[in-house]
Amino acid sequence: AHLLEADPADLLVQDGRVAVRGLPDRHVTVRDVAKAAYGGVRHLPRGMEPGLEATRFYDPYYGTASNATHMAVVEVDRETFHVRILRYLVAEDCGRIINPLVVDGQVHGGVAQGVGAALLEEIVYDGEGQLLTGTLMDYLVPTASEVPVMEVHHVETPSPTTLGGFRGMGEGGTIGAPAVIANAVADALADLGIEVNELPITPERLFRLAGMCVCSGNQSDSKPRSSRARASSSGGIAYSVANITTP
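Engineer: Tell me about the packing of helix H2 (residues 100–119) against helix H4 (residues 176–188), and name the residues and values.
Structural biologist: As a packed pair, H2 and H4 sit with axes 7 Å apart at the nearest point and diverge in direction by 45°. Taken together, the axes of H2 and H4 lie oblique to each other. Considering how the two elements wind past one another, H2 and H4 form a crossing that is right-handed. Where H2 approaches H4, its residues Val111, Gly114, Val115, Ala117, Ala118 and Leu119 are matched on the opposing element by Ala177, Pro178 and Ile181. Looking at the contact of H2 with H4 residue by residue, the classes come out as eight nonpolar, one polar and no charged.

Below, the structure is given as structure tokens:
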């Protein structure tokens, strides 16, 4: 307004220019405005501080978690009960995508966090209440060896309840991973009668579950299947086909 000697209400910002309403030839570029704002107080009206800053807060009422479906193929070693993820797929919908590389990174990181929750991470205390997993030597987190190569597919459905149609990205990767891995492991060991109802699914925990099933005679009468199984899940509960859905 100062540069154009006009009322702020009469200014229009469009195509990188600030113009006076009804007088399109009377304009300055956004670059000119920035140069004046940071060029020192001598270029500004008396009493105005230099700089261009604006702060707005946005807190969507319904949240912004993304939709996602996970699928996993795992292999369980029947001798060591080590779980290996052979294939992992994610189909996620975070609404309108601005930077696909950033979205992929958020999904990869979310799945990695979910893998840790499913197979490794556990806070353990002794009988006296002393924390036994207080360092990363004891509290295991997934490394490049444990995180599978992921196939990520995007579906762009703008959210009708958020500004710009955007949704959060991390939840779509994190929430489904523990459930889909637990479901796949349970399916792979179904002939042993093992039901996975506690995380993380450590080899020791699977060994104990297998021993309990053998002692109780809870093994399935069906023919033993391969220790390789497929499963899909969402929302923290494993299903054959399901989704994490939000508005």
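Engineer: Tell me what's going on with the pairing of strand S6 (residues 150–154), and back it up with residues and numbers.
Structural biologist: By the bridge criterion, five bridges tie strand S5 (residues 83–93) to S6 in an arrangement that is parallel. If you follow Leu89 over to S6, its bridge partner there is Glu151. Handedness of the crossover is the feature at issue here: the chain leaves S5, passes through H2, returns alongside S6, and the resulting connection is right-handed.

Engineer: How would you summarise the pattern of salt bridges if you had to cite specific residues and measurements?
Structural biologist: Tallied over the entire structure, the rule returns seven salt bridges. For Arg167, the salt bridge is made with Asp93, and the minimal N-O distance between the two is 3.4 Å. Here Asp93 lies in strand S5 and Arg167 lies in the loop between S6 and helix H3 (170–174), a separation of 74 residues in the sequence. Neither residue differs from the other here; Arg167 and Asp93 are each classed as buried. We note a salt bridge from Glu204 to Arg208, for which the minimum N-O separation is 3.1 Å. Taken together, the positions of Glu204 and Arg208, both in helix H5 (residues 203–216) and four residues apart, correspond to about one turn of that helix. A single burial state applies to Glu204 and to Arg208, both of which are exposed. Ionic contacts of the salt-bridge type, sharing partners, join the residues Glu122, Glu198 and Arg205 into one network.

Engineer: Pulling in residues and values, what's your account of the nonpolar core?
Structural biologist: For soluble globular proteins, the rule of thumb is that nonpolar side chains tend to be buried together. Of all hydrophobic cores here, the largest spans 29 residues; its most connected members are Val76, Tyr88, Leu119, Ile181, Val185, Leu189 and Leu206. The element contributing the most residues to this core is H4, with seven residues. Contacts of Val185, omitting those with residues within four sequence positions, involve Val74, Val76, Val83, Val196, Ile201 and Leu206. Formed by six residues, the second largest nonpolar core is a distinct cluster that contains Leu4, Leu11, Val20 and Val28.

Engineer: Explain the pairing of S5 to me, and be specific about the residues and the numbers.
Structural biologist: Judged from the ten bridges that link them, strand S4 (residues 67–76) and S5 form a sheet pairing that is antiparallel. Paired with Glu75 across the bridge in S5 is Arg84. Where S4 folds back on S5, the antiparallel hairpin that results is connected by six residues, among which Phe81 adopts a positive phi of roughly 60°.

Engineer: Explain the side chain of Arg167 residue by residue, including any values.
Structural biologist: By relative accessible area, which is 9% here, Arg167 ends up buried. Among the polar contacts made by the side chain of Arg167, one reaches the side chain of Asp93 at a distance of 3.4 Å.

Engineer: So what's going on with unusual backbone geometry? Which residues, and what values?
Structural biologist: When glycine is set aside, most residues are seen to have a negative phi, and most peptide bonds are trans. Following Leu199, the chain continues to Pro200 via a peptide bond in cis, the omega torsion being 0°. At Asp15, a residue that is not glycine, the phi angle is positive and equals roughly 55°. Note that Asp15 resides in the loop between strand S1 (11–14) and strand S2 (17–20). Notably, Phe81 is not glycine yet its phi reads approximately 60°, a positive angle. Mapped onto the elements, Phe81 comes out in the loop between S4 and S5. In this structure Phe81 comes out as buried when scored by relative accessible area, which is 6%.

Engineer: Tell me about a nonpolar patch on the surface, residues and numbers included.
Structural biologist: Residues Ile123, Tyr125 and Leu131 make up a contiguous nonpolar surface patch of about 310 Å² in total accessible area. Mapped onto the secondary structure, Leu131 falls in the loop between H2 and S6. Accessibility expressed as a relative area gives 35% for Leu131, which makes it partly exposed.

What counts as what
Residues numbered from 1 in each chain as written. Predicted model: local features only at pLDDT ≥ 70, side-chain atom pairs only at ≥ 80, totals over all residues. Heavy atoms only, no water. Axes fitted to C-alpha atoms, helices over the stretch in contact; angles between N-to-C directions. Helix = DSSP H or I, 4+ residues; strand = E, 2+ residues; numbered from the N terminus. Parallel < 35°, antiparallel > 145°, perpendicular 65-115°, else oblique. Left-handed = near helix turned anticlockwise from the far one by under 90°. Contact = heavy atoms within 4.5 Å. Nonpolar A, V, L, I, M, F, W, Y, C, P; charged D, E, K, R; others polar. Pairing = 2+ DSSP bridges. Right-handed = clockwise from strand over helix to strand, strands pointing away. Salt bridge = Lys/Arg side-chain N within 4 Å of Asp/Glu carboxyl O. Buried < 20%, exposed > 50% of the residue type's maximum accessible area, 1.4 Å probe, protein only. Core = buried A, V, L, I, M, F, W, Y, C linked by side-chain atoms within 4.5 Å. Polar contact = N/O pair within 3.5 Å; in protein donor to acceptor, adjacent residues only side chain to side chain. Patch = residues over 30% accessible without salt bridge, like charges linked within 9 Å, V, L, I, M, F, W, Y side chains within 5 Å. Areas by Shrake-Rupley, 256 points an atom, 1.4 Å probe, with all protein chains shown as cover.

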